[in-house]
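Residue strings, one per chain:
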Amino acid sequence: MIIFPAIDLKAGQVVRLAEGDMARATVYGDDPAAQAEIFAQAGAEWLHVVDLDGAFAGESVNGAAVSSILERFGGKIQLGGGIRNRDAIERWLDLGVRRVVIGTAALENPDLVREAARDNPGRIVVAVDARDGMVATRGWADVSDVAVADLARRFEDAGVAALLFTDVGRDGLLKGCNVEATVALARAIAIPVIASGGVTDIADIHALRPHVADGVEGVITGRALYDGRLDLKWAIEVGKA
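Residues numbered from 1 in each chain as written. Predicted model: local features only at pLDDT ≥ 70, side-chain atom pairs only at ≥ 80, totals over all residues. Heavy atoms only, no water.

A. Representation of the overall build of the protein within the structure. Along the backbone of the protein there are eleven helices and twelve strands. Its C-alpha atoms give the protein a radius of gyration of 16 Å, near enough to 18 Å, the size a compact globule of 241 residues would have. Projected onto the principal axes, the alpha-carbon positions of the protein cover approximately 40 × 35 × 35 Å. A burial count over the protein gives 56% of its 241 residues as buried. Within the protein, contacts between residues at least 6 apart in sequence are counted, and of these 69% link residues at least 24 apart. With an accessible surface of roughly 9,600 Å², the protein has 46% of that area assigned to carbon and sulfur atoms. On the protein, the mean spot of the 25 positive side-chain charges and the mean spot of the 35 negative ones are 2 Å from each other. (Helix = DSSP H or I, 4+ residues; strand = E, 2+ residues; numbered from the N terminus. Rg over C-alpha atoms; globule rule 2.2 N^0.38 Å. Buried < 20%, exposed > 50% of the residue type's maximum accessible area, 1.4 Å probe, protein only. Contact = heavy atoms within 4.5 Å. Areas by Shrake-Rupley, 256 points an atom, 1.4 Å probe, with all protein chains shown as cover. Lys, Arg positive; Asp, Glu negative; His and termini not counted. Charge placed at Lys NZ, Arg CZ, Asp CG, Glu CD.)

Here's what the structure looks like:
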């Protein structure tokens, strides 16, 4: 199981939000590239980066910070936030991003996902963010009338690399990962699922690890790492066990 340490970017700083609320941001540093190096030294092979400002603006805002991370992190980077057209997808892939995460555009423009996944096999991830089982969009500011599982099934034959499932109600709150909902989704679809939102400590990693066979590919963790509640090296060891 892949452990994805997260770097969320707001105004060039490393932050974590509570329930996706930009007004409830905690700043953890002003050097994203240095933070990426810290994660690399702990053994991280993947990094999950989100341009939070971009998610609301609909286009890249923290591009300079992302570029600095690309230069200094030796592993693979998964990037999301405001990537809503083909030019943006291709630009980031060309710059060295291993996977591009598409959220709002997956709901509003599914053909974009299908075409990008067809031309870039294994490099497109669909983000399905949920509030009470319904898909949230535009930086989680809006909630649609589309159920999470229904959106996920639309891309089962598209060739996407993974489905990133976030329980927005738990994100950044250290309430514990929604293992039940994550596993249920992984069992319901043929696409590998990445869990996100609410990871508190190593217990969440242990709870998810047995479900790799059900289709849980990995888990994203942020605040638990920054607050010292979760040791990244230990989490990676458990993930590989």
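B. Quick look at unusual backbone geometry. Phi at Ala11 is positive, roughly 55°, even though this residue is not glycine. Mapped onto the secondary structure, Ala11 falls in the loop between strand 1 (2-10) and strand 2 (13-18). The class for Ala11 is exposed, based on a relative accessible area of 64%.

C. Molecular detail of the side chain of Thr166. When you line up the elements, Thr166 lands in strand 10 (residues 162-167). Judged by relative accessible area, which is 3%, Thr166 ranks as buried. A distance of 3.3 Å separates polar atoms of two side chains, one belonging to Thr166 and the other to Ser196. (Polar contact = N/O pair within 3.5 Å; in protein donor to acceptor, adjacent residues only side chain to side chain.)

D. The arrangement of the nonpolar core in detail. Counting 70 residues, the largest nonpolar core has Ile7, Leu47, Ile89, Val100, Leu163 and Ile205 as its most contacted members. The residues contacting Leu163, other than those within four sequence positions of it, are Val126, Val128, Ala152, Leu185, Ile189, Ile191, Pro192, Val193 and Ile194. The next biggest cluster of nonpolar side chains, apart from the first, holds eleven residues, and it includes Phe4, Ala127, Ile194 and Ile220. (Core = buried A, V, L, I, M, F, W, Y, C linked by side-chain atoms within 4.5 Å.)

E. View of the layout of surface pockets. The computed volume of the largest pocket comes to approximately 160 Å³. Lining of the largest pocket is provided by Ala130, Arg131, Asp132, Gly133, Val148, Ala149, Phe165, Asp167, Asn178, Ala181, Ala184 and Leu185. Where the lining of the largest pocket is concerned, the elements lending two or more residues are strand 7 (124-131), helix 7 (148-153), strand 10 and helix 8 (179-188). Per-element tally for the lining of the largest pocket: the top contributor is helix 8, with three residues. (1 Å grid on protein atoms, 1.4 Å probe; cavity = no way out; pocket = protein on both sides within 12 Å on 5 of 7 lines; lining within 4 Å. Points joined across faces, edges and corners; volume = space filled by probe spheres on them.)

F. Quick look at the packing of aromatic side chains. Enumeration over the complete set of coordinates arrives at three aromatic pairs. Geometrically, the ring pair formed by Tyr28 and Tyr226 is stacked, given 4.8 Å between the ring centres and 25° between the ring planes. Taken as a pair, Tyr28 in strand 3 (residues 21-29) and Tyr226 in helix 10 (residues 223-226) lie far apart in primary sequence, 198 residues in all. Look at Tyr226 and you get buried, because its relative accessible area is 16%. Chaining the aromatic ring pairs together yields one cluster made of Tyr28, Phe39 and Tyr226. (Phe/Tyr/Trp six-rings, centres within 6.5 Å; stacked < 30°, edge-to-face > 60°.)

G. A look at the side chain of His48. Relative to the helices and strands, His48 resides in strand 4 (residues 46-51). A polar side-chain atom of His48 sits 3.0 Å from a polar atom in the side chain of Gln78. Each residue touching His48, except ones within four places of it in the same chain, is listed here: Phe4, Pro5, Ala6, Ile7, Gln78, Val101, Leu164 and Ile220.

H. Representation of the environment of Arg131 in the model. Relative to the helices and strands, Arg131 is located in strand 7. Between the C-alpha atoms of Arg131 and Val168, which are 37 residues apart in sequence, the distance is 5.8 Å.

I. The arrangement of helix 1 (residues 32-41) in detail. Restricting attention to buried positions, one finds in helix 1 the residues Pro32, Ala33, Gln35, Ala36 and Phe39. The buried residues of helix 1 occupy one face: seen down the axis, they fall within an arc of 160°. Contacts from the buried residues of helix 1 go to strand 1, strand 2, strand 4, helix 3 (63-72), helix 10 and helix 11 (232-240). With its phi angle positive at about 105°, Gly43 sits one or two positions after the end of helix 1. (Arc of directions from axis to C-beta.)

All we've got here are geometric facts, nothing functional implied.
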